[in-house]
Amino acid sequence: MDSPPRPKLFDFHGVSMIRHFTDNWEAVQNFQARPDDILIGTYPKAGTTWVSHILELLYIDEMSPERLNSLPIDVRVPFLELQRIDSGYTGTDLADNLPTSPRVIKTHLPVQFVPNSFWEQNCRMVYVARNAKDNMVSYFHFGRMTFAQPEPGDWNSYFEKFLAGKLVFGSWYDHVNGWWKKKQAYSNLHYMFYEDLVEDTGREIDKLCSLLGLSPSAEEKTRVLNGVKFDNMKNNAMTNYSTYSHMDFKISPFMRKGKVGDWKNHFTVAQNEEFDEDYKKKIDPTLQFRTEI
Ligand code: PPS
């Protein structure tokens, strides 16, 4: 059987995009945020689902255990700019109709595209960044397994596309730099790192709680920590994306490895050198990532 056609990349105000994320643009830009909304921002594959699930478990009473057990994560945490070409539903509709308070909403938009109302309402935001090498590897495997992404090509050509910023949501460098710069001026933005989450999930949850003004009991914290473990999320049909037909887990699962340093299994020595040379020119020097822990 033929695979469904893959979307084509095009330039959208200087950022590489596909129509799944631009077809609903007017509604996205006019989206009405509420003061208690929490926006999760990430470059794709940086830990969005992980932090979404952490927030949902921290707000379990508001989210309700029934929702957690019966609705997949991307219904509970709407993907703001998504226009599902097949089913027609949009992230903005889902967000508008969310019954929870606060609403947790996810976006992969570069910071300059975030709808104005989020800033006007002074919403809390959590940006998760992941080191470029592992982010690239994770995005590559995602491109292989989902027909909702452009054809990734082989690893070598993907590597070049990443360096050139020719992937959906554009350049990783512009993305992490842009949100980092915004953080300096906008105090309600918590900028966190995937590597820190892997190293000490409990410590990072404490930091999140202080942004959110939450003080979970020791018992609640243990419950959250347990629920967000890689294996538990991988085995949870409501967090592992197994309910989606446009993903082929035989090629690669959504919850793939969840590690820091898998890039070493993909980068050649020459690619690593080329990458490091290019990286120095593009990364904001005040922004420090760890490629191993
Ligand atoms: S998406 O499609 O952009 O929303 O993907 P995203 O959720 O941002 O990123 C997916 C990667 O995050 C890993 N992940 C985790 N790692 C460790 N622990 C937990 N609990 C966890 N949950 C998700 C997931 O495995 C993907 O990374 P890779 O490296 O591909 O395994």
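Structure's up top.
Here the structure is a predicted model, which is why all the values come from computation and not from measurement.

S.K.: Would you take a moment to explain the overall build of the chain for this structure?
M.R.: Assigned secondary structure in the chain consists of 15 helices and 6 strands. Here the chain has a C-alpha radius of gyration of 18 Å; the compact-globule value for 293 residues is 19 Å, and the two agree. Each principal axis of the C-alpha atoms in the chain carries an extent, and together these give about 50 × 40 × 40 Å. Long-range pairs, those at least 24 residues apart, make up 75% of the contacts in the chain with a sequence separation of at least 6. Carbon and sulfur atoms form 50% of the exposed surface of the chain, whose accessible area is close to 13100 Å². For the chain, the distance from the average position of its 34 positive side-chain charges to the average position of its 39 negative side-chain charges is 2 Å.

S.K.: What's the story with the packing of aromatic side chains in this structure? I'm lost.
M.R.: Any pair of aromatic rings gets described here by the distance separating the centres and the angle formed by the planes. Under the counting rule described, the total for this entry stands at 35 aromatic pairs. Seen from their ring centres, Phe 275 and Tyr 279 are 5.5 Å apart, and the 25 degrees between their planes marks the pair as stacked. Linking Phe 275 with Tyr 279, this pair stays in helix α15 (residues 269-282), spanning 4 residues, or about one helical turn. One cation-aromatic arrangement involves Lys 106 over Phe 79; the distance from NZ or CZ to the ring centre is 4.3 Å. In this structure, Lys 182 packs its charged tip against the face of Trp 119, placed 4.3 Å from the ring centre.

S.K.: Before we go on, may I ask you to explain the nonpolar core in this structure?
M.R.: Most often, soluble globular proteins have nonpolar side chains that are buried together. Counting 91 residues, the largest nonpolar core has Phe 118, Phe 162, Trp 172, Tyr 191, Phe 275 and Phe 289 as its most contacted members. Phe 162 has contacts with Tyr 43, Ala 132, Met 136, Leu 167, Trp 172, Tyr 173 and Phe 275, leaving out every residue within four places of it along the chain.

S.K.: Just to check I follow, could you spell out the site of the ligand for this structure?
M.R.: For the ligand, the set of nearby residues contains 22 residues, the closest of which are Thr 48, Thr 49, Ser 138, Tyr 194 and Lys 257. Here Thr 48 contributes a side-chain N or O atom positioned 2.4 Å from an oxygen atom of the ligand. At 2.8 Å from a nitrogen atom of the ligand is found a main-chain nitrogen or oxygen belonging to Val 228. Contact with the protein chains hides 98% of the accessible area of the ligand, taken as 650 Å² for the molecule alone. Looking at the shell around the ligand, the elements that each hand over two or more residues are α2 (48-58), α8 (132-145) and α14 (230-234). The biggest single contributor to the shell around the ligand is α2, with 3 residues.

S.K.: What am I meant to see in the side chain of His 175 here?
M.R.: Within the element layout of this structure, His 175 appears in helix α10 (residues 172-185). Apart from residues no more than four positions distant in its own chain, His 175 is found in contact with Thr 42, Tyr 43, His 108, Leu 109, Pro 110, Tyr 127 and Phe 169.

S.K.: Sorry, what's going on with the pairing of strand β3 (residues 38-42) here?
M.R.: Each regular strand displays side chains that alternate between the two surfaces of the sheet. Burial of β3 is extensive: 5 of the 5 residues sit out of reach of the surface. Going residue by residue along β3, you find Ile 38, Ile 40 and Thr 42 tucked away on one face and Leu 39 and Gly 41 tucked away on the opposite face as well. Direction of pairing for β3 relative to strand β4 (residues 104-107): parallel, over a ladder of 4 bridges. Bridge assignment links Leu 39 to a residue of β4, and that residue is Ile 105. As paired elements, β3 and strand β5 (residues 124-129) share 5 bridges and run parallel to each other. Note that in β5 the partner of Ile 40 across the bridge is Val 126.

Thresholds, definitions, all that
- Residues numbered from 1 in each chain as written.
- Predicted model: local features only at pLDDT ≥ 70, side-chain atom pairs only at ≥ 80, totals over all residues.
- Heavy atoms only, no water.
- Helix = DSSP H or I, 4+ residues; strand = E, 2+ residues; numbered from the N terminus.
- Rg over C-alpha atoms; globule rule 2.2 N^0.38 Å.
- Contact = heavy atoms within 4.5 Å.
- Areas by Shrake-Rupley, 256 points an atom, 1.4 Å probe, with all protein chains shown as cover.
- Lys, Arg positive; Asp, Glu negative; His and termini not counted.
- Charge placed at Lys NZ, Arg CZ, Asp CG, Glu CD.
- Phe/Tyr/Trp six-rings, centres within 6.5 Å; stacked < 30°, edge-to-face > 60°.
- Lys NZ or Arg CZ within 6 Å of the ring centre and 35° of its normal.
- Core = buried A, V, L, I, M, F, W, Y, C linked by side-chain atoms within 4.5 Å.
- Buried < 20%, exposed > 50% of the residue type's maximum accessible area, 1.4 Å probe, protein only.
- Near = heavy atom within 4 Å.
- Polar contact = N/O pair within 3.5 Å; in protein donor to acceptor, adjacent residues only side chain to side chain.
- Pairing = 2+ DSSP bridges.

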